[in-house]
Amino acid sequence: MPETKPDLKIDDEGVCSACRYMEKREVIDWQKRRAELVEILEKYRSKDGTRYDCVIPVSGGKDSHYQTIKMLDMGMNPLCVTSTTCSLSAIGRKNIENLKGLGVDYIEVTTNRIVRRKMNRLALTEIGDISWPEHVCIFTIPVRVAVRFNVPLIVWGENSQHEYGGPAVAAENKVLTRRWLEEFGGMLGLRVNDLVGVEGIEKKHLIQYRYPDDEALSRVGVTGIFLGYFLPWDGYSNVLISQAKGFDTYHKSVEGALVNYENLDNQQTGIHDYFKFLKYGFGRATDQACLHIRRGRLMREEAVEIVKEHDGKFPWVYLGHGIEEVLEDIDMSIDDFIRICDQFTNKKLFLTDSRGNLKKDRHGNLTKINYDNV
């Protein structure tokens, strides 16, 4: 991982916090952790069958399939909750339908599409993240549903601070708190209330983007756990388990990635990942390569070459969906988009000409100054 990764700590030996966590995993007593999980699930299980045992936030992806499969295997009666993505793909819908067929009750909450498009455009323009409204709702909507149905336990997947590195205190969390949600849940300094009064957006349009108040959370006793704390989380093994239950993968490596099994639901994700590359000099392919290196599935030298081929290409197409269609949906031209891209590009990381202008090839791709992250 490069040192430009937000919240990543690289120690005096040149080892990042994500790799340090992997070292700790080797000495974890996973049987003890699983027994702890069983105890927690039993505590929150409905004794009379009048309410759900837990809420599982799901997108239909490999990880939410795994979460659902594991909870069903452990005898839980979950309510699966989806916050509808901004631009749902055909394969994304197919996988949602497959997850529903596992044998669960399921709720999908779709926010106002007109307002959502405005939010996508505003977030892209103001903070360089078209997916900001989606990432907010991923965390708020399941919590709201948990309060509405009086279900105290929410079962999340991985703690991203484990896999991608972050503050030690966050990496040790096994319970997802309001503080964690607000700090690491994708807010990026933009508050929901900041949107009130912008482009006709009113407070009433933002109900699903807010957490329930503390009184409601306390009344229900809502808490959350990371399944990845209790079970040895691995995205690739999650894929294999999920495929055995009908989860479908893309027919080739996803654009900007190394694999064909991640981020299959939102056609805007190519833009989201590209802005990560512009800001920090690495994209989805780097993340995935690092995960596989830590688990011994790739040598670092191999990964560096693969990442050069896949990381940070201009997102003309994602999941076979042209960028013009995505931008048209949020009322933005390709020229305006490129202008915004250049505004958010960290010029310290990419080649520029004598005038400080970014050098691009005929496909609009940039060239990093350093591809080896050392």
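It should be noted that the structure appears before, not after, this text.
Summary of the structure given here. Remember, it's a predicted structure, so these values are computed and weren't measured experimentally. (Residues numbered from 1 in each chain as written. Predicted model: local features only at pLDDT ≥ 70, side-chain atom pairs only at ≥ 80, totals over all residues. Heavy atoms only, no water.)

## Thoughts on the pairing of strand 1 (residues 54-57)
Burial of strand 1 is two-sided: the residues Cys54 and Ile56 facing one way and the residues Val55 and Pro57 facing the other way are all buried. Bridging between strand 1 and strand 2 (residues 78-83) involves four bridges; their strand directions are parallel. Note that in strand 2 the partner of Val55 across the bridge is Leu79. (Buried < 20%, exposed > 50% of the residue type's maximum accessible area, 1.4 Å probe, protein only. Helix = DSSP H or I, 4+ residues; strand = E, 2+ residues; numbered from the N terminus. Pairing = 2+ DSSP bridges.)

## Considering unusual backbone geometry
A positive phi angle is found at Asp7, which is not glycine, with a value near 70°. In this fold, Asp7 is placed in the segment before helix 1 (17-25). Judged by its relative accessible area of 44%, Asp7 falls in the partly exposed class. Phi at Leu319 is positive, roughly 55°, even though this residue is not glycine. You can see Leu319 is positioned in the loop between strand 6 (317-318) and strand 7 (321-322).

## Side note on the environment of Leu227
Along the chain, Leu227 falls in helix 11 (residues 227-230). Ignoring any residue separated from it by four or fewer positions in sequence, one finds Leu227 in contact with Leu37, Tyr66, Gln67, Lys70, Met71, Val155, Trp156, Gly157 and Trp233. (Contact = heavy atoms within 4.5 Å.)

## Comments concerning the pattern of salt bridges
Scanning the entire structure with this criterion turns up 21 salt bridges. For Glu97, the salt bridge goes to Lys100, with nearest N and O atoms at 3.2 Å. Separated by three residues within a single helix, Glu97 and Lys100 lie in helix 4 (residues 90-100), roughly one turn from each other. Look at Glu97 and you get partly exposed, because its relative accessible area is 40%. Notably, a salt bridge pairs Arg300 with Asp372, separated by 3.1 Å at the nearest N-O pair. Taken together, the residues span a long stretch of sequence, with Arg300 in helix 15 (residues 300-310) and Asp372 in the segment after helix 17 (334-344) at a distance of 72 residues. For Asp372, a relative accessible area of 29% translates into the label partly exposed. The network of salt bridges with shared partners includes Asp11, Glu13, Arg20 and Glu23. (Salt bridge = Lys/Arg side-chain N within 4 Å of Asp/Glu carboxyl O.)

## Some thoughts on the packing of helix 5 (residues 113-127) against helix 6 (residues 132-148)
Put simply, helix 5 and helix 6 touch, their axes get as near as 8 Å, and they point 115° apart. For the element pair helix 5 / helix 6, the angle class is roughly perpendicular. Contacts between helix 5 and helix 6 involve Arg116, Met119, Asn120, Ala123 and Ile127 on the former and, on the latter, Trp132, Pro133, Glu134 and Cys137. Classifying every residue of the contact of helix 5 with helix 6 gives six nonpolar, one polar and two charged. (Axes fitted to C-alpha atoms, helices over the stretch in contact; angles between N-to-C directions. Parallel < 35°, antiparallel > 145°, perpendicular 65-115°, else oblique. Nonpolar A, V, L, I, M, F, W, Y, C, P; charged D, E, K, R; others polar.)

## Some details on a negative patch on the surface
On the surface, Glu324, Glu325, Glu328, Asp329 and Asp331 cluster together into a patch of negative charge. Mapped onto the secondary structure, Glu324 falls in helix 16 (residues 323-329). By relative accessible area, which is 48% here, Glu324 ends up partly exposed. (Patch = residues over 30% accessible without salt bridge, like charges linked within 9 Å, V, L, I, M, F, W, Y side chains within 5 Å. Areas by Shrake-Rupley, 256 points an atom, 1.4 Å probe, with all protein chains shown as cover. Lys, Arg positive; Asp, Glu negative; His and termini not counted. Charge placed at Lys NZ, Arg CZ, Asp CG, Glu CD.)

## Some remarks on the nonpolar core
Judged by nonpolar contacts, the single largest core of 57 residues is most densely connected at Leu37, Met71, Met119, Trp132, Leu153, Val155 and Leu227. Looking at this core, the element that brings in the most residues is helix 6, giving nine residues. Ile271, Val326, Leu327 and Phe350 belong to the second largest nonpolar core, which has 20 residues in total. (Core = buried A, V, L, I, M, F, W, Y, C linked by side-chain atoms within 4.5 Å.)

Function-wise, these values are silent; they only describe arrangement.
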